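The primary structure of each chain is shown beneath.
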Amino acid sequence: MREVFPRRRERRERKLGDGRETWRVPRTQNPRLSQLLLSETNRVWPQTLQSAHPPAAWLSTSGISRPSSTLSTCHSCHKGIPDALILLLSSPRPCMRQGSGVPGASSGATIFALSSGQGRCGIAVIRTSGPASGHALRSLTAPRDLPPARSACLRLLSHPRSGEPLDRALVLWFPGPQSFTGEDCAEFHVHGGPAVVSGVLQALGSVPGLRPAEAGEFTRRAFAHGKLSLTEVEGLADLIHAETEAQRRQALRQLDGELGHLCHGWAKTLTKALAHVEAYIDFGEDDNLEEGVLERANSEVRELELALGAHLRDARRGQRLRSGAHVVVAGPPNAGKSSLVNLLSRKPVSIVSPEPGTTRDVLETPVDLAGFPALLSDTAGLREGAGPVEQEGVRRARERLEQADLILAVLDASELASPSSCNFLDTVVAPTVAGSPSGDSQRLLLLLNKSDLLPPGGLDPSPNLPPHLLLSCLTGEGLDGLLEALRKELAEVCGDPSTGPPLLTRARHQHHLQGCLDALGHYAKTRDLALAAEALRLARGHLARITGGGGTEEILDVIFRDFCVGK
């Protein structure tokens, strides 16, 4: 157990007899903490008392001085500055996204956009958000009254200036704050022809107070009004861009708030530990505190460190799930690598020829492998003694092997005894299999292709051959077994989105969790209570930034620009 912090002597004191009371706050050599105490106390002191009782000695890092009459008045209505200061330092900082505090959230402007995507379709959805949404709905529809909230009504749409009919459409009215953005919203479900969509958009643009929306502006307003946390916003973006089943499951879990709830639980633990430390600073020399306050705080922080460390060790898995695992197909020349790439990608990515050395560069294609996203790379056959162009291809192939998350090692099942096959087994397969028994490094699947060329008795058993799969790219025999093996391997590489804790899908999450863990490391090392409390505040700030508290405008711009216009 870590040594208990020594008690601080600079604690709160009350001096009587001269008509004044002096409240002393803990002094520290940390100028940042001293400035924090100064700024927070200035903010908490009631404005009415400042105007009624101009301070004689406002505040220093050694004490807060006020006339006794002022303190008496403060105790009657606000229980005094020190108690308010303790409450402030022991409670979470307000979130930046509450209300309309987020920069970029428009105030007063009403936006509109096509939300269902470009192109000819059966139904197109056009929506608005902002205070003029009701006026826009009345301007385009007849009769002019608003439909019942959240109920679809069939209305004739007309241009508000010329009165020309545009379309007969379903309209919906979502009064704020019970809407996606938290503002008044309207939706027009029109026929999806380009002329109809263009006419309705032009009609909305002619309504005073309306302007076209920017990319991601609807979601940004939802974030600004507290409808979505930042992790939920990222989950929504991932759901829109999901191309595989695994990506859809992971994005839906994040949109449902699982990662945000986990971070809030961690922040609650830090808040409780910070409150214990602050209580010990102010009351550690009194008999008002129960025993073991600091020991409980230390225990909670240690448990949180273990949880953060476990999530950081899995951070790469979530990022692979979002962007795709790197799967490299490698082997000696003419083993059937290009045929395998074409089979898995379901399209002719690579040229297939019986001539060895046909592939001389790295060919990459994004694919959906057993429900997981992957970047599949076809590489040159590994051999020595070829020409300079092919040797450059071999060099690039070996370079990609070092970067691979999963290696599909392909050998010709009818020529396992050839020098090229034996060399590949010794230099690539054996070291990779021996180096990843726990699955923490590169993973490898050994495929014996051209099983249709084997004799009726099948493959002769070899004690030196690692576990393998038989496959025929020509007939497709063994493909189902390969896909099932790929599903298991990629679930280890990318994580299973349907089970376990939520994954960290972005580098931003990993950065702030690492910052939180580093701050907790400083907490464990320091022996000064004030510095320990500051370390806990810093750790809690990193967690708040994951869900959207304290985020900068630049970070928000990067996140929201990934959305399409109308979302």
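Computed from a predicted model, the values in this text were never measured in an experiment.

Examining helix α16 (residues 479-494)
Then step 1. In this model, α16 (16 residues) spans 21 Å end to end at C-alpha, consistent with the 22 Å of a helix rising 1.5 Å per residue.
Then step 2. Every buried residue belonging to α16 is among Leu 482, Ala 485, Leu 486, Glu 489, Leu 490, Ala 491, Val 493 and Cys 494, and all of these are buried.
Then step 3. Trailing α16 by a residue or two, Gly 495 shows a phi angle of about 90°, which is positive.

Quick look at the sheet that holds strand β16 (residues 469-470)
Then step 1. Pairing within the open sheet is mixed, and its six strands lie in the order β12-β13-β11-β14-β15-β16. The open sheet has two free edges, formed respectively by β12 (363-369) and β16, since each of these has just one partner strand.
Then step 2. Of the pairings in the sheet, the one linking strand β11 (residues 325-330) to strand β14 (residues 406-412) comprises four bridges and is parallel in character. Within the sheet, the bridge partner assigned to Val 327 lies in β14 and is Leu 406.
Then step 3. Helix α15 (residues 419-435) contacts β11, β14 and β15 (443-449) of the sheet and is inclined by roughly 155° relative to β14.

Notes on the nonpolar core
Then step 1. Val 277, Leu 520 and Leu 536 are the most contacted members of the largest nonpolar core, which totals 31 residues.
Then step 2. Those elements that provide at least two residues to this core are α10 (258-283), α11 (293-313), α17 (507-525) and α18 (529-547).
Then step 3. Considering every element that reaches this core, the biggest residue donor is α10, with ten residues.
Then step 4. For Leu 520, the residues in contact, after removing those within four places along its chain, are Leu 270, Val 301, Leu 304, Glu 305, Leu 308, Leu 536 and Ala 539.
Then step 5. Judged by nonpolar contacts, the second largest core, of 29 residues, contains Ala 325, Val 341, Leu 369 and Val 410.

Observations regarding the packing of aromatic side chains
Then step 1. Using the criterion set out here, one finds zero aromatic pairs in the structure.
Then step 2. The ring of Phe 218 has Arg 127 sitting right over it, with the charged end atom 4.5 Å from the ring centre.

Looking at the sheet that holds strand β4 (residues 110-114)
Then step 1. Taken in spatial order, the seven strands line up as β6-β7-β8-β9-β5-β4-β10 in an open sheet, and their pairing is mixed. Because the sheet does not close on itself, it has two edges, and the strands there are β6 (141-142) and β10 (210-212).
Then step 2. Bridge count for strand β7 (residues 153-158) against strand β8 (residues 165-174) is six bridges, and the pairing is antiparallel. From the neighbouring strand, Arg 155 faces β8, where its bridge partner is Ala 169.
Then step 3. In this fold helix α6 (residues 194-205) packs onto β4, β5 (121-129), β7, β8, β9 (185-192) and β10, with an angle of close to 150° to the strand it touches most, β9.
Then step 4. Packed onto the sheet, helix α7 (residues 217-224) meets β4, β5 and β10 and runs at close to 135° relative to β4.

Examining the side chain of Thr 526
Then step 1. Turning to its location among the elements, Thr 526 is positioned in the loop between α17 and α18.
Then step 2. At 3.3 Å, the side chain of Thr 526 forms a polar contact with the backbone nitrogen of Asp 528.

Let's talk about the packing of α17 against α18
Then step 1. It is at 8 Å that the axes of α17 and α18 come closest, and there the two elements cross at 170°. Here α17 lies roughly antiparallel to α18, going by the angle between them. Between α17 and α18, the residues in contact are Arg 508, His 509, His 512, Leu 513, Gly 515, Cys 516, Ala 519, Leu 520, His 522 and Tyr 523 and Ala 532, Ala 535, Leu 536, Leu 538, Ala 539, His 542, Leu 543, Arg 545 and Ile 546, respectively.
Then step 2. Of the residues that constitute the contact of α17 with α18, the class distribution is twelve nonpolar, five polar and two charged.

Here's the deal with unusual backbone geometry
Then step 1. Of note, the bond from Gly 176 into Pro 177 is cis; its omega dihedral lies within 30 degrees of zero at 5°.
Then step 2. With respect to the helices, strands and loops of the structure, Pro 177 is situated in the loop between β8 and β9.
Then step 3. Of note, the phi angle at Arg 150 is positive, near 60°, even though the residue is not glycine.
Then step 4. Along the chain, Arg 150 turns up in the loop between β6 and β7.
Then step 5. Although it is not a glycine, Asn 334 adopts a positive phi angle of roughly 65°.
Then step 6. Here Asn 334 shows up in the loop between β11 and α13 (337-345).

A look at the side chain of Ser 179
Then step 1. Along the chain, Ser 179 falls in the loop between β8 and β9.
Then step 2. On the basis of relative accessibility, which here comes to 11%, the residue Ser 179 falls in the buried class.
Then step 3. Looking at Ser 179, its side chain comes within polar contact range of the main-chain oxygen of Glu 183, at 2.5 Å.
Then step 4. The contacts of Ser 179, once residues within four sequence positions are left out, are Phe 174, Cys 185 and Lys 227.

A short note on the packing of helix α8 (residues 230-241) against helix α9 (residues 245-255)
Then step 1. At a minimum axis distance of 7 Å, the contact between α8 and α9 shows a crossing angle of 155°. The angle between α8 and α9 falls in the class roughly antiparallel. By crossing handedness, the relation of α8 to α9 is classed as left-handed. For the pair α8 and α9, the contacting residues are Thr 231, Glu 232, Glu 234, Gly 235, Leu 236, Asp 238 and Leu 239 in the first and Arg 248, Ala 251, Leu 252, Gln 254 and Leu 255 in the second.
Then step 2. The residue inventory of the contact of α8 with α9, partitioned by class, reads five nonpolar, three polar and four charged.

Looking at the pattern of salt bridges
Between side chains of opposite charge, a pair can form as their charged atoms come close.
Then step 1. Applying the stated criterion across every chain yields a total of 22 salt bridges.
Then step 2. The partner of Asp 238 in a salt bridge is Arg 506, with the nearest N and O atoms 3.0 Å apart. With Asp 238 in helix α8 and Arg 506 in the loop between α16 and α17, the pair connects residues that are 268 residues apart, well separated along the chain. Neither Asp 238 nor Arg 506 differs from the other in exposure class; each is buried.
Then step 3. When the shortest N-O distance is used, the salt bridge between Glu 484 and Arg 487 registers 2.7 Å. Here Glu 484 and its partner Arg 487 are both found in helix α16, three residues apart, which amounts to about one turn of the helix.
Then step 4. Take Glu 484: its relative accessible area is 34%, and that puts it in the partly exposed class.
Then step 5. Through salt bridges with shared partners, one network takes in Glu 234, Asp 238, Arg 322, Arg 506 and Arg 508.

Points about the pairing of β4
Then step 1. Counted residue by residue, β4 has five buried out of five residues, so it is predominantly covered.
Then step 2. Both faces of β4 are covered, namely the face carrying Thr 110, Phe 112 and Leu 114 and the face carrying Ile 111 and Ala 113.
Then step 3. Bridge analysis of β4 against β10 gives three bridges, and the strand direction is parallel. When the bridges of β10 are listed, Thr 110 appears paired with Leu 210.
Then step 4. Both β4 and β5 contribute to a ladder of four bridges, which runs antiparallel. Residue pairing in the sheet places Phe 112 in a bridge with Thr 128 of β5.
Then step 5. Between β4 and β5, which pair antiparallel and follow one another directly, the connecting turn spans six residues, one of which, Gly 117, has a positive phi of 90°.

Conventions and cut-offs
- Residues numbered from 1 in each chain as written.
- Predicted model: local features only at pLDDT ≥ 70, side-chain atom pairs only at ≥ 80, totals over all residues.
- Heavy atoms only, no water.
- Helix = DSSP H or I, 4+ residues; strand = E, 2+ residues; numbered from the N terminus.
- Expected span 1.5 Å × (residues − 1).
- Buried < 20%, exposed > 50% of the residue type's maximum accessible area, 1.4 Å probe, protein only.
- Pairing = 2+ DSSP bridges.
- Contact = heavy atoms within 4.5 Å.
- Axes fitted to C-alpha atoms, helices over the stretch in contact; angles between N-to-C directions.
- Core = buried A, V, L, I, M, F, W, Y, C linked by side-chain atoms within 4.5 Å.
- Phe/Tyr/Trp six-rings, centres within 6.5 Å; stacked < 30°, edge-to-face > 60°.
- Lys NZ or Arg CZ within 6 Å of the ring centre and 35° of its normal.
- Polar contact = N/O pair within 3.5 Å; in protein donor to acceptor, adjacent residues only side chain to side chain.
- Parallel < 35°, antiparallel > 145°, perpendicular 65-115°, else oblique.
- Nonpolar A, V, L, I, M, F, W, Y, C, P; charged D, E, K, R; others polar.
- Left-handed = near helix turned anticlockwise from the far one by under 90°.
- Salt bridge = Lys/Arg side-chain N within 4 Å of Asp/Glu carboxyl O.

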